[in-house]
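Listed below are the residues making up each chain.
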Amino acid sequence: MAREYIAVSIEQSPLTLDEVIVSCRVTREWVVEHVHAGVLLSETPQPPEQWRFSSRDLARVRRILELESRFDANPELAGLVADLFDELERLRARVRRAEEE
Amino acid sequence: MEFKDYYEVLGVKRDATADEIKKSYRKLARKYHPDLSKEPDAEARMKELNEAHAVLSDPEKRAAYDNVGKGFQAGQEFRPPPNWDAGFEFTGGGFSGAEGADFSDFFSELFGGRAGGMGGGMGGRAGRARQSYQARGEDHHAKIELELEDAYRGATRTITLQVPQINDQGRVQVVPRTLDVRIPKGVREGQMIRLSGQGGPGYGGGPAGDLFLEVHFKPHERYRVEERDVYETLPISPWEAALGAQIKAPLPDGTVEVRIPEGSQTGRKLRLRGRGIPGDPPGDLYLVLEVAVPPADTPKARELYERMASELAFNPRKHLGV
């Protein structure tokens, strides 16, 4: 029988700053700059070693990275576009629900 | 293997400047962005664009590509000659092994073994890098579609991933990899789950990276999910709605007895606390009542409806003033 691999939910075990750096191939400075610009993490205890990243935060890091590399967006603009994508997704879900009802 | 004309993909001339390439890439990346584009092949086009951009925006890769592709047209059968890249040194990054998994065989054949930036900053041929570097493998990201019931009970799912691997010649090849994954109970839409050590292989004896799976639920004919809460439409008869009743309702994790309050109407929501997606705290399950009207398809049924019409004097449009 094939080996079974156990998946762990990120919400059970949120990522640390170091794990995000490795996982998303970014520098510590990049993450700190974006946290200070207010585009990543809503809660930022000190020191940064105490920061914890949820599934949503991780997806947001990847999206902002993509926007910056594709369009040379600055952190604030990439954050704004990521917010708009979140809102778009929320509204699309609402439309889907309304269509089902 | 078919030759890919990266200039054609980006819609630029062969002598386009770096600025023209960048502008055209951005314009098309906006047009084919998978989250916005209504084009049916947006995702495939975006991958093509990224691949073309990875090559043409890197002066060394572009020079090597121009050299090997002289006289070739898009779609033409192509095989790079031995030592086609002699004299070129690829040092730039610009794409990762994980992204490289999205690129074509054509790209892998040309640049796969020379992916500058692979493995978190390694330069040069992977074979050479193995001797002098030790690095953790890359984390890989993928999506997984589950049934809602899986979130209630947990489940084992077999997934197949396209994984870039370095072959004996030091080149990157994309190969399918299948693994059985135990999904924890309580996962939600959009949540990521992590498989430790199941990402890209380590370099020079370094540990493997992790695999991150983004969870999505398949559309369900009966249930709708919002965060941890689950909504279910529950049909009831007119007499159950009018008089109230104790009825059975099927839930994702079994059946429950619920009391329908007297005088219920379609759209009324009954909340079952803690019966949504499990967790700490668990979500709630909402039964949305829908009054189903029996057909008047027998003389007896017609007689009953006619009696109701004459004896109940019910006007559902009274509040509309008609």
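It should be emphasised that the depicted structure is a prediction, and the values quoted were computed from it without experimental measurement. (Residues numbered from 1 in each chain as written. Chains lettered and ligands numbered in written order. Predicted model: local features only at pLDDT ≥ 70, side-chain atom pairs only at ≥ 80, totals over all residues. Heavy atoms only, no water.)

1. Considerations on the overall build of chain B
Helix and strand counts for chain B stand at 11 helices and 11 strands. Across the 322 residues of chain B, 44% fall into the buried class. Considering only contacts in chain B between residues 6 or more positions apart, those separated by 24 or more positions represent 58%. Summing over all exposed atoms, chain B offers an accessible surface of approximately 17700 Å²; the carbon and sulfur share of this is 49%. (Helix = DSSP H or I, 4+ residues; strand = E, 2+ residues; numbered from the N terminus. Buried < 20%, exposed > 50% of the residue type's maximum accessible area, 1.4 Å probe, protein only. Contact = heavy atoms within 4.5 Å. Areas by Shrake-Rupley, 256 points an atom, 1.4 Å probe, with all protein chains shown as cover.)

2. A few points about the overall build of chain A
Check the secondary structure of chain A and you find 4 helices and 2 strands. Taking 2.2 N^0.38 as the reference for a compact globule, 101 residues should give roughly 13 Å; the C-alpha atoms of chain A span a radius of gyration of 16 Å, well beyond that estimate. For chain A, the proportion of its 101 residues judged to be buried stands at 38%. Of the accessible surface of chain A, which amounts to about 6100 Å², a share of 52% is contributed by carbon and sulfur atoms. Measuring between centres, the 14 positive side-chain charges of chain A sit 4 Å from its 20 negative side-chain charges. (Rg over C-alpha atoms; globule rule 2.2 N^0.38 Å. Lys, Arg positive; Asp, Glu negative; His and termini not counted. Charge placed at Lys NZ, Arg CZ, Asp CG, Glu CD.)

3. Some points on helix α3 (residues 42–56) of chain B
Each α-helix turn comprises 3.6 residues. Residues three or four places apart therefore point the same way. For α3(B), which comprises 15 residues, the first-to-last C-alpha distance of 21 Å matches the rise-based estimate of 21 Å (1.5 Å per residue) to within 8%. Along α3(B), the residues that are buried comprise A42(B), M46(B), L49(B), N50(B), E51(B), A52(B), H53(B), A54(B), V55(B) and L56(B). The elements touched by buried residues of α3(B) are α3 (55–71) of chain A together with α1 (6–10), α2 (18–31), α4 (59–68) and α6 (105–111) of chain B. (Expected span 1.5 Å × (residues − 1).)

4. Side note on the packing of aromatic side chains
For the coordinates displayed, the defined rule picks out 4 aromatic pairs over all chains. Taken together, a centroid distance of 4.8 Å and an interplanar angle of 35° make the contact between Y6(B) and Y65(B) tilted. Note that Y6(B) is positioned in helix α1 and Y65(B) in helix α4, a separation of 59 residues in sequence. The ring of F85(A) has R63(A) sitting right over it, with the charged end atom 4.2 Å from the ring centre. The ring of Y231(B) carries the charged tip of R224(B) above its face, separated from the ring centre by 4.5 Å. (Phe/Tyr/Trp six-rings, centres within 6.5 Å; stacked < 30°, edge-to-face > 60°. Lys NZ or Arg CZ within 6 Å of the ring centre and 35° of its normal.)

5. Comments concerning the packing of α2(B) against α3(B)
Residue and element names in this part refer to chain B. Where α2 meets α3, the axes come as close as 10 Å, and the angle between the chain directions of the two elements is 165°. Of the possible angle classes, the one that applies to α2 and α3 is roughly antiparallel. The way α2 lies across α3 gives a crossing that is left-handed. Contacts from I21, Y25, L28 and A29 in α2 reach M46, L49, N50, H53 and L56 in α3. When grouped by side-chain class, the residues that make up the contact of α2 with α3 number 7 nonpolar, 2 polar and no charged. (Axes fitted to C-alpha atoms, helices over the stretch in contact; angles between N-to-C directions. Parallel < 35°, antiparallel > 145°, perpendicular 65-115°, else oblique. Left-handed = near helix turned anticlockwise from the far one by under 90°. Nonpolar A, V, L, I, M, F, W, Y, C, P; charged D, E, K, R; others polar.)

6. Notes on the layout of surface pockets
All names here are of chain B. Size it by volume and the second largest pocket reaches roughly 820 Å³. Lining the second largest pocket are 21 residues; nearest its centre among them are P238, V291, M308, L312 and F314. Of all the secondary-structure elements, those providing two or more residues to the lining of the second largest pocket are α10 (238–243) and α11 (299–312). Looking at the lining of the second largest pocket, the element that brings in the most residues is α11, giving 6 residues. A class-by-class count of the residues in the lining of the second largest pocket yields 17 nonpolar, 4 polar and no charged. (1 Å grid on protein atoms, 1.4 Å probe; cavity = no way out; pocket = protein on both sides within 12 Å on 5 of 7 lines; lining within 4 Å. Points joined across faces, edges and corners; volume = space filled by probe spheres on them.)

7. Describing the sheet that holds strand β1 (residues 140–146) of chain B
The sheet built from 4 strands is open, its strands ordered β2(A)-β4(B)-β5(B)-β1(B) with mixed pairing. The open sheet is flanked by β2 (8–9) of chain A together with β1 of chain B, the only strands paired with a single partner. Looking at chain direction, β2(A) and strand β4 (residues 192–195) of chain B are connected through 2 bridges and run antiparallel. Directly across from S9(A), in β4(B), lies its bridge partner I193(B). Most of the contacts of α3(A) go to β4(B), to which it runs at about 85°, and overall it touches β1, β4 and β5 (211–217) of chain B. (Pairing = 2+ DSSP bridges.)

8. Here's the deal with the confidence of the model for chain B
All names here are of chain B. Per-residue pLDDT for chain B averages 83, and the proportion of residues at 70 or more is 84%. With pLDDT under 50 throughout, residues 91–98 is counted as low confidence; its partners more than four residues away or in other chains account for 30 contacts. In the predicted structure, residues 114–131 sits below a pLDDT of 50 and forms 38 contacts with residues beyond four places in sequence or in another chain. Two numbers describe this predicted complex: its pTM, 0.72, and its ipTM, 0.83. (pLDDT = per-residue confidence, 0-100.)

9. Considerations on the interface of chain B and chain A
Taken together, the contacts link 33 residues of chain B with 30 residues of chain A. Each partner contributes to the roughly 2900 Å² buried at the junction of chain B and chain A, and carbon and sulfur atoms together form 52% of this total. Taken together, chain B and chain A are joined by 5 salt bridges. Between E138(B) and R25(A) there is a salt bridge; the shortest N-O distance is 3.6 Å. For the pair chain B and chain A, the number of links is 17 residue pairs in polar contact (both at pLDDT 80 or more). Elements that contribute at least two residues to the side of chain B that touches chain A include exactly α2, α3, β3 (172–183), β4 and β6 (223–226) of chain B. The element contributing the most residues to the side of chain B that touches chain A is α2(B), with 5 residues. (Buried area = accessible area lost by both parts, 1.4 Å probe. Salt bridge = Lys/Arg side-chain N within 4 Å of Asp/Glu carboxyl O. Polar contact = N/O pair within 3.5 Å; in protein donor to acceptor, adjacent residues only side chain to side chain.)

10. Section: the environment of G75(B)
All names here are of chain B. If you trace the backbone, G75 turns up in the loop between α4 and α5 (97–100). Residue G75 is classed as partly exposed on the basis of its relative accessible area of 40%. Remark: the alpha-carbon pair of G75 and K4, spanning 71 residues in sequence, is separated by 6.4 Å. Ignoring anything within four residues of it in the chain, the contact list for G75 reads E2 and F3.

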